[in-house]
Amino acid sequence: MLAMVFISVSLRFYQEHSSSKAAMKLSEFVRCPIKVQRCAGRVVQTELIVQVDQRDVVPGDIIVFEPGDLFPGDVRLLTTKHLVVSQSSLTGESGVTEKTADVREDQSTPLLDLKNICFMGTNVVSGSGTGLVVSTGPKTYMSTMFSNVGKHKPRDDFGRGIRNISFLLIGFMLVIVTVIVLTCFLTSHDLTESFLFGVSVACALTPQMLPIIVNTCLAKGALAMARERCIVKGLTAIRDMGSMDILCIDKTGTLTMDSAIIVSHLDSWGSSNEKVLKFVFLNAYFKTEQKYPLDAAILAHVYTNGYRFQPSKWKKIDEIPFDFTRRRVSVIVEAETDVEDNREEFIDRYVITKGALEEVVNICSLLEHIDGGEIRHLTSDDLQRVFNKAEELSNEGLRVIGVAMKKLKHRRGSIMSDEAVESDLVFLGLVAFYDPPKDSAKQALWQLAEKGVKAKVLTGDSLSLAIKVCKEVGIRTEQVITGPELELLDQESFHDTVKRATVLARLTPTQKLRVVQSLQTVGNHVVGFLGDGINDSLALDAAHVGISVDSGAPVAKDFADIILLEKDLNVLVAGVEQGRFTFANTMKYIKISVIANLGGVLAILIGTLFLKSEPLTPKQLLVQNFLYNLGQIAIPWDKTEPDSVRKPQRWSEKGLPIFILWNSPVTTLCDLSTLLFLWFYYHAYRSDDLQFFRAAFFVEGLLMQILIIHLIRTEKIPFIQEVASWQVLCSTATISAIGIAIPYTPVGKVLEFAPLPLSYFGFLVLLFLGYFTVGQIVKRVYIRVYRRWL
């Protein structure tokens, strides 16, 4: 028993140590850079802004943060600009909190309500600023909170199933062991020997290799996914991918190339207008808070097409950054003037705003007329015309944003509020972008659908644009809905709509979270979510499998279980396959080991009652169990049949007990046949024949357990229609040869075995042929009744 424990612990330590080293190497690919103000130089101290990984930030650092950044520690704010922070990782609330450095809090203020402190694990939703890191690591508020309270993720179906089957085996073990100990004691009157034999039977009933097999299967999956440019942060996520039957994906960057190009820049009458392009260019050029792909597309279009808008003649004064509530960004610029003009009391400045069309129009009250550039009031007819044009462009698969501006007559030294700046603007026109679908997306979605994984698109973009892209990549668009429409539904209608819809557009982060939770709880689905933005973080955290990309926001990568180093859905197809291989081989081991152990223990119980003696001594039983466990080590390298990985695999609460009840009696029947053969043919029931009897029963039991591997692992006829992998063949053949040879070796003498006659092996050949025949008949009837095998 000590040898068994030592080998199990050693193998598990080696496997987990190797996995940890591999994970540490892979984690080097995943960096969350933070801008830090550091000193440079020895004689003359100067301040430099450098980028370091968040793990290298220390107390005393001054960090510079922007939207999407995670705070690497608890931070005292020094400067802020329109800073909005999400504290959902601490509070569980999906809302956001405004933070500012220009406040002095009272000591009675609750910790999480402090406006000038940001905590480790929270993230920037919008705005920017600088802050002094006051604590990191275990000294942060988050670490102390979790060390005191604890945070346990609920078990998945597999975890609950393992727990239930463990309790079942423990209950069965207590009954069997009690009967065996009492029987042996009443026969031999040796309590120590009887108790030791009972413990040996309990050991034989336990699937000791389960931790090793599970960890090995998961580690193999992680390494296979690493070759596909996937970093697996949690090994159990691989198994969950095998059970995943719904994948929620964002449109941008997943189904599309995430490299937008400008198609047109139109005024409110639908005519091409260079002035619209000029002002949207100035907005993108002077915007500094956080660059998005649309900004890069605007700059690239202007530079590559030879426009000369001379940004050097403009000077940026201020910026109102983008956030997910306003959905727009504004910059304030002024034209460079000579010295005499600078003495004027009033300065001409311009507010230039771009963003979601609805949000831009909401702050516009004027319109530049097509004839002569006359400014007049924005009428309802004008709005209808603009929205019709935008819808027409969206139906063509284009993304549309609005552009507006206003000339400010600004008094020197005066300060205007953001609300005053973003009001009564002049609507200039529309800019249309095209983000072409990926060539690989259609093929990958088709392969996922073949494997039983349905795709749902959850996007913040317009419905018409989402439908256009989904049609091009082959996603059905008969059932679609928008976020505002979801808000109007009652609870029951909401769940029913989410279940049927394939495209859900104009969703807020909170709505994405509700959709994922609805699919999990009401629909009883295993849900994966693929997202890379700040607005995806809540859904990523809630999904069974959170998937992000290396170029995603730091908060998205932090919540994800799997990080793709390439934005390619084909990688997910490989991940689903690995997850199902892992699940199939794990279940294969569980069913094989439980059936073999249970059938063998029942035969030992019956043999003990029948012979009034132990069929095997404790050390013989433990050696047999030890060899059998060694033969199972190769199962993680076994082949899996295509049918077993064609559909999502989930643990069935009733399936395993029923499977055991069908197949265990066949094993017990063969063991009992051996007992009867030894009793009547060889008359091996006297005390002087026990060495021969036990040697024969030892070899038969070991070979039977080895053959069970080949019979149970496939629904086909073993060795004829389906052959195991060479690793399993070598493992089982080696253990079988060792088991047969033991009675003829010095080890057999130590174990008190007698050599076996050749005629006994002839009986074993007939026995095993009968076992395969009966086992195959039971297998076919079981498949006919339950429509599946493993």
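Residues numbered from 1 in each chain as written. Predicted model: local features only at pLDDT ≥ 70, side-chain atom pairs only at ≥ 80, totals over all residues. Heavy atoms only, no water.

Student: Explain the overall build of the protein chain to me, and be specific about the residues and the numbers.
Tutor: When helices and strands are tallied, the protein chain shows 26 helices and 23 strands. Across the 790 residues that make up the protein chain, the buried fraction comes to 52%. Approximately 36500 Å² of the protein chain is accessible, and the part contributed by carbon and sulfur atoms is 58%. (Helix = DSSP H or I, 4+ residues; strand = E, 2+ residues; numbered from the N terminus. Buried < 20%, exposed > 50% of the residue type's maximum accessible area, 1.4 Å probe, protein only. Areas by Shrake-Rupley, 256 points an atom, 1.4 Å probe, with all protein chains shown as cover.)

Student: Which residues make up the side chain of Thr 353, and what are the values?
Tutor: Tracing the backbone through its elements, the reader meets Thr 353 in strand 13 (residues 346–356). Exposure remark for Thr 353: the relative accessible area of 0% places this residue in the buried category. Side chain to side chain, Thr 353 and Ser 330 meet in a polar contact 2.6 Å long. Excluding its chain neighbours within four sequence positions, the residues that come into contact with Thr 353 are Asn 283, Arg 328, Val 329, Ser 330, Val 360, Ile 363, Gly 402, Val 403, Ala 404 and Leu 425. (Polar contact = N/O pair within 3.5 Å; in protein donor to acceptor, adjacent residues only side chain to side chain. Contact = heavy atoms within 4.5 Å.)

Student: A description of the pairing of strand 21 (residues 527–530) should follow, citing residues and the corresponding values.
Tutor: Along any regular strand, the residues point their side chains to alternate faces of the sheet. Both faces of strand 21 are covered, namely the face carrying Val 527 and Phe 529 and the face carrying Gly 528 and Leu 530. With 3 bridges joining them, strand 21 and strand 22 (residues 545–549) adopt parallel strand pairing. Following the sheet pairing, Phe 529 is matched in strand 22 by Gly 546. (Pairing = 2+ DSSP bridges.)

Student: So what's going on with the packing of helix 22 (residues 655–680) against helix 26 (residues 758–786)? Residues and values would help.
Tutor: Two elements in contact, helix 22 and helix 26, have axes separated by 11 Å at closest approach and are oriented at 160 degrees. Looking at the two axes, helix 22 sits roughly antiparallel to helix 26. In this structure, helix 22 meets helix 26 at a crossing whose hand is right-handed. Of helix 26, the residues touching helix 22 (which contributes Gly 655, Ile 658, Phe 659, Trp 662, Asn 663, Val 666, Thr 667, Cys 670, Ser 673, Thr 674, Phe 677 and Leu 678) are Tyr 760, Phe 763, Leu 767, Tyr 771, Val 774, Gly 775, Val 778, Val 781, Tyr 782, Val 785 and Tyr 786. For the contact of helix 22 with helix 26, the residue count by class is 17 nonpolar, 6 polar and no charged. (Axes fitted to C-alpha atoms, helices over the stretch in contact; angles between N-to-C directions. Parallel < 35°, antiparallel > 145°, perpendicular 65-115°, else oblique. Left-handed = near helix turned anticlockwise from the far one by under 90°. Nonpolar A, V, L, I, M, F, W, Y, C, P; charged D, E, K, R; others polar.)

Student: If you had to explain the environment of Glu 478 to someone new, which residues and values would you point to?
Tutor: Among the secondary structure elements, Glu 478 is positioned in the loop between helix 14 (463–473) and strand 19 (480–482). When the C-alpha positions of Glu 478 and Thr 502 are compared, they lie 7.9 Å apart, and in sequence the two are 24 residues distant. At 3.4 Å, the side chain of Glu 478 forms a polar contact with the side chain of Arg 476.

Student: Go over the nonpolar core with me, naming the residues and quoting the values.
Tutor: Counting 127 residues, the largest nonpolar core has Leu 255, Ile 562, Leu 564, Ile 590, Tyr 760 and Leu 764 as the members making the most contacts within it. Looking at which element gives the most residues to this core, the answer is helix 20 (residues 569–611), with 19 residues. Shared between two domains, this core takes at least three residues from each, and those domains are domain 2 (158–229 + 575–786) and domain 3 (247–257 + 438–565). Those residues in contact with Leu 764 that sit more than four places away from it in its chain are Val 699, Glu 700 and Leu 703. Judged by nonpolar contacts, the second largest core, of 28 residues, contains Val 276, Phe 279, Ala 297 and Val 403. (Core = buried A, V, L, I, M, F, W, Y, C linked by side-chain atoms within 4.5 Å. Domains from an automatic or database assignment.)

Student: Quick one: what's the story with the sheet that holds strand 22, residue by residue and with numbers?
Tutor: Each strand in a sheet pairs with its neighbour through backbone hydrogen bonds, running either in the same direction (parallel) or in the opposite one (antiparallel). Strand order in the open sheet formed by 8 strands is 8-23-22-21-9-18-20-19, with mixed pairing between adjacent strands. Each edge of the open sheet carries a strand with a single partner, namely strand 8 (230–232) and strand 19. Put simply, the sheet's adjacent strands are angled 20 degrees from each other on average, direction ignored. In this fold helix 7 (residues 236–243) packs onto strand 8, strand 22 and strand 23 (562–564), with an angle of close to 105 degrees to the strand it touches most, strand 22.

Student: Which residues make up the UniProt feature "transmembrane region" (unreviewed entry) in the protein chain, and what values do they have?
Tutor: Residues given the UniProt feature "transmembrane region" (unreviewed entry) here are residues 165–188, 194–219, 589–609, 692–712, 724–746 and 758–778. Along residues 165–188, the helical share is 100% and the strand share 0%, with 34 Å between the first and last C-alpha atoms. For residues 724–746, the helix share is 74%, the strand share is 0%, and the end-to-end C-alpha distance is 33 Å. (UniProt positions renumbered as here; feature names shortened; annotations may be inferred.)

Student: Any chance you could break down unusual backbone geometry for me, citing the residues and the numbers?
Tutor: Phi at Asn 524 is positive, roughly 55 degrees, even though this residue is not glycine. Within the element layout of this structure, Asn 524 appears in the loop between helix 17 (509–521) and strand 21. The phi torsion at Phe 719 lies on the positive side, around 70 degrees, for a residue other than glycine. For Phe 719, a relative accessible area of 43% translates into the label partly exposed.

Student: An account of the packing of aromatic side chains is requested, with residue identities and associated values reported.
Tutor: Throughout the structure, instances matching the rule amount to 26 aromatic pairs. Three or more aromatic residues joined by ring pairs form one cluster here, namely Phe 677, Tyr 681, Tyr 682, Phe 692, Tyr 760, Phe 761 and Phe 763. Its guanidinium or amino end placed over the ring of Trp 269, Arg 385 lies 4.3 Å from that ring's centre, counting from NZ or CZ. Looking at Arg 514, its charged tip hangs above the ring of Phe 494, at a distance of 4.0 Å from the centre. (Phe/Tyr/Trp six-rings, centres within 6.5 Å; stacked < 30°, edge-to-face > 60°. Lys NZ or Arg CZ within 6 Å of the ring centre and 35° of its normal.)

Student: Explain a nonpolar patch on the surface to me, and be specific about the residues and the numbers.
Tutor: A cluster of nonpolar side chains, Ile 606, Phe 610, Leu 676 and Phe 680, forms an exposed patch at the surface whose accessible area comes to about 380 Å². Breaking the nonpolar patch down by element, the ones donating at least two residues are helix 20 and helix 22. Positionally, Phe 610 belongs in helix 20. For Phe 610, a relative accessible area of 41% gives the class partly exposed. (Patch = residues over 30% accessible without salt bridge, like charges linked within 9 Å, V, L, I, M, F, W, Y side chains within 5 Å. Salt bridge = Lys/Arg side-chain N within 4 Å of Asp/Glu carboxyl O.)

Student: Give a detailed account of the pattern of salt bridges, specifying residues and quantitative values.
Tutor: A full pass over the atoms with the stated rule returns 22 salt bridges. A salt bridge links Arg 385 to Asp 382; the shortest N-O distance between them is 2.9 Å. Residue Arg 385 and its partner Asp 382 are both found in helix 11 (residues 380–395); the two are separated by 3 residues, about one turn of the helix. Of the charged contacts in the structure, one is a salt bridge between Asp 638 and Lys 588, with a shortest N-O distance of 2.9 Å. Residue Asp 638 is located in the loop between helix 21 (618–632) and helix 22, and its partner Lys 588 is located in helix 20; the two are separated by 50 residues in the primary sequence. This pair shows no difference in class: Asp 638 is buried, exactly as Lys 588 is. Through salt bridges with shared partners, one network takes in Lys 588, Asp 638, Arg 713 and Glu 722.

Student: Can you explain the packing of helix 5 (residues 191–205) against helix 21? Please cite residues and give values.
Tutor: Packing of helix 5 against helix 21 leaves a shortest axis separation of 9 Å and a crossing angle of 10 degrees. Between helix 5 and helix 21, the crossing angle belongs to the class labelled roughly parallel. Note on element contacts: helix 21 touches helix 5 through Pro 618, Leu 621, Leu 622 and Asn 625, opposite Glu 193, Leu 196, Phe 197, Ser 200, Val 201, Cys 203 and Ala 204. A class-by-class count of the residues in the contact of helix 5 with helix 21 yields 8 nonpolar, 2 polar and 1 charged.

Student: Can you explain the side chain of Ser 548? Please cite residues and give values.
Tutor: Relative to the helices and strands, Ser 548 is located in strand 22. Setting aside residues up to four positions removed in sequence, Ser 548 forms contacts with Leu 530, Gly 531, Asp 532, Ala 556, Lys 557, Ala 560, Ile 562, Ile 563 and Leu 564.

Student: Report on the confidence of the model for the protein chain, specifying residues and quantitative values.
Tutor: Residues at a pLDDT of 70 or more form 87% of the protein chain, whose mean pLDDT is 82. This model gives residues 148–154 a pLDDT under 50, and the stretch forms 3 contacts once residues within four places in sequence are excluded. (pLDDT = per-residue confidence, 0-100.)

Student: Please set out helix 6 (residues 210–227) residue by residue, giving values where relevant.
Tutor: Turn by turn, an α-helix covers 3.6 residues, leaving residues three or four places apart pointing in a common direction. In this model helix 6 runs 26 Å from its N-terminal to its C-terminal C-alpha over 18 residues, within 8% of the 26 Å that 1.5 Å per residue would give. Among the 18 residues of helix 6, 13 are classified as buried, and the element is accordingly described as predominantly covered. Among the residues trailing helix 6, Arg 229 stands out with phi positive, at a value near 65 degrees. (Expected span 1.5 Å × (residues − 1).)

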